[in-house]
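Examination of the molecular architecture
Below, each chain spelled out in residue letters.
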Amino acid sequence: MKQIFDMVQSFVMMGLVLTGILGLIYRTVKEEGWLGTVVDKIWDAIVDHPLVTIPLLIAAAVIGKLWHGYQVEKGYTSKLPNFFLYGVMAAGVYFIWHFVSTGTI
């Protein structure tokens, strides 16, 4: 009985993850999607305020690289992949609910 429960749980989790990934991809690349909006906003910020935006982007990249190198060097294990997985599963639940309630993604 435990094996059946574990198998059903695995299938549900995989279904939610796949639904979440596909829904996020769809919402990102569709016309007027998130990716286009973000790229447009970043481009507008760079064009409107280049003396502020370019150093901020460079600083963010350097800080991210240093932080990642420190984490790897110290051998810290991260809970971030677990939170990422739960987030994608939550997105899957949202997209399933949205599809069932409205009929569209």
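These numbers were taken from a predicted model, which means no experiment stands behind them.

Reading the values: the criteria
- Residues numbered from 1 in each chain as written.
- Predicted model: local features only at pLDDT ≥ 70, side-chain atom pairs only at ≥ 80, totals over all residues.
- Heavy atoms only, no water.
- Helix = DSSP H or I, 4+ residues; strand = E, 2+ residues; numbered from the N terminus.
- Rg over C-alpha atoms; globule rule 2.2 N^0.38 Å.
- Buried < 20%, exposed > 50% of the residue type's maximum accessible area, 1.4 Å probe, protein only.
- Contact = heavy atoms within 4.5 Å.
- Lys, Arg positive; Asp, Glu negative; His and termini not counted.
- Charge placed at Lys NZ, Arg CZ, Asp CG, Glu CD.
- Axes fitted to C-alpha atoms, helices over the stretch in contact; angles between N-to-C directions.
- Parallel < 35°, antiparallel > 145°, perpendicular 65-115°, else oblique.
- Nonpolar A, V, L, I, M, F, W, Y, C, P; charged D, E, K, R; others polar.

**Focus on the overall build of the protein chain**
Of the regular secondary structure elements, the protein chain holds 4 helices and 0 strands. The order of α-helices and β-strands along the protein chain, N terminus first, is α-α-α-α. Here the protein chain has a C-alpha radius of gyration of 19 Å; the compact-globule value for 105 residues is 13 Å, and the former is much larger. In terms of overall dimensions, the protein chain has C-alpha extents of about 60 × 45 × 15 Å along its principal axes. Looking at the 105 residues of the protein chain, the share that counts as buried comes to 12%. The long-range fraction of contacts in the protein chain, counting pairs at least 24 apart against all pairs at least 6 apart in sequence, stands at 62%. Mean positive and mean negative side-chain charge positions of the protein chain (7 and 7 charges, respectively) differ by 14 Å.

**As for the packing of helix 1 (residues 2-29) against helix 2 (residues 34-48)**
Taken N-terminus to C-terminus, the directions of helix 1 and helix 2 make an angle of 50°; their axes are 4 Å apart at the nearest point. It follows that helix 1 is oblique to helix 2 by the angle criterion. Contacts between helix 1 and helix 2 involve Leu 24, Arg 27 and Thr 28 on the former and, on the latter, Trp 34, Leu 35 and Gly 36. Split into classes, the residues belonging to the contact of helix 1 with helix 2 amount to 3 nonpolar, 2 polar and 1 charged.

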